[in-house]
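Residue-level structural notes
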Amino acid sequence: MRGVNDQDHGHGRHCEGALSDADYARLEGLLGARYAAGSGGMPLDVAHGFLTAVVSGPRLVLPMEWLPPVLGVAGAAPGAAEAEAEALHSLVMALYQDVLQDLQHGHYGPVVMYQTVAGEEPLPLPYGWCQGYVAGLQLQGEAAIDQAANDATAAGYLAPIAAFLMYQEEQLLDPPDPAAHRATAGELGPAAQGLYLWWQRQRPKPLS
């Protein structure tokens, strides 16, 4: 899992790719502003999980399908300049490429938020990433969901993702078993990598 922490919350950081640390910070701010303004779209951790499922599934999902859920009703927050809208679009496209590259090269880690805990390691809050992953899987279609759920290997990879969607609201910042919570959060990266490879094996082989 990616592990940069910033004051009360932080998000996991990414191996070297198309986006720098500064790019990730800017993208987080732009997506967060849109989401906070009620324009729809996804915060960074949700978008990262969403795009992970989008690039992993059995079919190629084109930008015209996945960009609107990530950006919301428009490409920039209300009143934003055209240059900002273009920057947001470029950063999201680069995020897509980073996710794909990480999965292809086997060094994938989810972007998750963290909560500072006095005297302990920061607590991962992977709920947004997990929600995004499930939304991306739904974009792949019911057939893809059924295919994964009916396979023991794929279902095992989906289990830690589903586990974080079963929390009660009061448990989100205070999990009943912090040790198990941390351990399960640590399984998300390998699970996403495993699902990507599993779906790659399901895809039809190209004709020679």
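These numbers were taken from a predicted model, which means no experiment stands behind them. (Residues numbered from 1 in each chain as written. Predicted model: local features only at pLDDT ≥ 70, side-chain atom pairs only at ≥ 80, totals over all residues. Heavy atoms only, no water.)

**Overview of the overall build of the protein chain**
Our working rule: By the criteria applied, helices consist of DSSP H or I runs no shorter than four residues and strands consist of E runs no shorter than two, each listed in order from the N terminus. Relative accessibility thresholds used throughout: buried, under 20% of the residue-type maximum; exposed, over 50%; partly exposed, between the two (1.4 Å probe, protein chains only). We call two residues contacting when some pair of their heavy atoms lies within 4.5 Å. Per-residue and other accessible areas follow the Shrake-Rupley method at a 1.4 Å probe size, with only the shown protein chains counted as cover for residues.
Each helix and strand counted, the protein chain has nine helices and two strands in total. Seen in sequence order, the protein chain has helices and strands lined up from the N terminus as α-α-α-α-β-β-α-α-α-α-α. With 208 residues in all, the protein chain has 42% of them scored as buried. Within the protein chain, counting contacts between residues at least 6 apart in sequence, those at least 24 apart form 75% of the total. Counting only carbon and sulfur atoms, one obtains 56% of the accessible surface of the protein chain, whose full area is about 10,300 Å².

**A short note on the pattern of salt bridges**
For clarity, the cut-off: The rule for a salt bridge is simple: a side-chain nitrogen of Lys or Arg has to be within 4 Å of a carboxyl oxygen of Asp or Glu.
All told, the structure shown has two salt bridges when counted by the stated rule. Among the ionic pairs, Arg-59 bridges to Glu-65, the shortest N-O distance being 2.9 Å. On the accessibility criterion, Arg-59 (30% relative accessible area) is partly exposed. For Arg-182, the salt bridge goes to Glu-120, with nearest N and O atoms at 3.3 Å. Of this pair, Arg-182 sits in helix α8 (residues 178-185) while Glu-120 is found in the loop between β1 (113-115) and β2 (123-125), placing the two residues 62 residues apart along the sequence.

**Some words on the confidence of the model for the protein chain**
Rule in force here: pLDDT gives the predictor's per-residue confidence on a scale running from 0 to 100.
Per-residue pLDDT for the protein chain has a mean of 87; in total, 85% of the residues score no lower than 70. Across residues 1-10, where pLDDT falls below 50, the model places 40 contacts with residues more than four positions away in sequence or in other chains.

**As for the side chain of Gln-193**
Worth spelling out the cut-off: In protein, a polar contact requires one atom able to donate a hydrogen and another able to accept it; more generally it is a pair of N or O atoms within 3.5 Å, and residues adjacent in sequence count only if both atoms are side-chain atoms.
Inspection of the secondary structure puts Gln-193 in helix α9 (residues 188-202). Polar contacts involving the side chain of Gln-193 include one to the main-chain carbonyl oxygen of Leu-103, which spans 2.7 Å. If we ignore the near neighbours within four places in the chain, the residues touching Gln-193 are Asp-102, Leu-103, Gly-106, His-107 and Tyr-108.

**Regarding a nonpolar patch on the surface**
Rules: Any residue with relative accessible area above 30% and no salt bridge may belong to a patch, with like charges joined within 9 Å and the nonpolar Val, Leu, Ile, Met, Phe, Trp and Tyr side chains within 5 Å.
On the surface, a cluster of nonpolar side chains totalling about 360 Å² of accessible area is made up of Leu-60, Leu-62 and Met-64. In this structure, Leu-62 sits in the loop between α2 (44-56) and α3 (63-71). Assessed through its relative accessible area of 38%, Leu-62 is described here as partly exposed.

**Thoughts on the packing of aromatic side chains**
What counts, and what does not: Put simply, two rings from Phe, Tyr or Trp (the six-membered ring, in Trp's case) pair if the centres are within 6.5 Å, and we call them stacked under 30 degrees between planes, edge-to-face over 60, tilted for the rest.
All chains considered together, the criterion is met by six aromatic pairs. Ring geometry for Trp-66 against Tyr-96: centres 4.9 Å apart, planes inclined by 0 degrees, an arrangement best described as stacked. Highlighted residues: Trp-66 in helix α3 and Tyr-96 in helix α4 (residues 82-105), separated in sequence by 30 residues. Using a relative accessible area of 1% as the deciding quantity, one classes Trp-66 as buried. Joined through ring pairs, the aromatic side chains of Tyr-127, Phe-164 and Tyr-167 make up one cluster.

**Quick look at the environment of Glu-84**
Tracing the chain through its elements places Glu-84 in helix α4. Counting along the chain gives 54 residues from Glu-84 to Leu-30, while the straight-line C-alpha distance between them is 8.5 Å.

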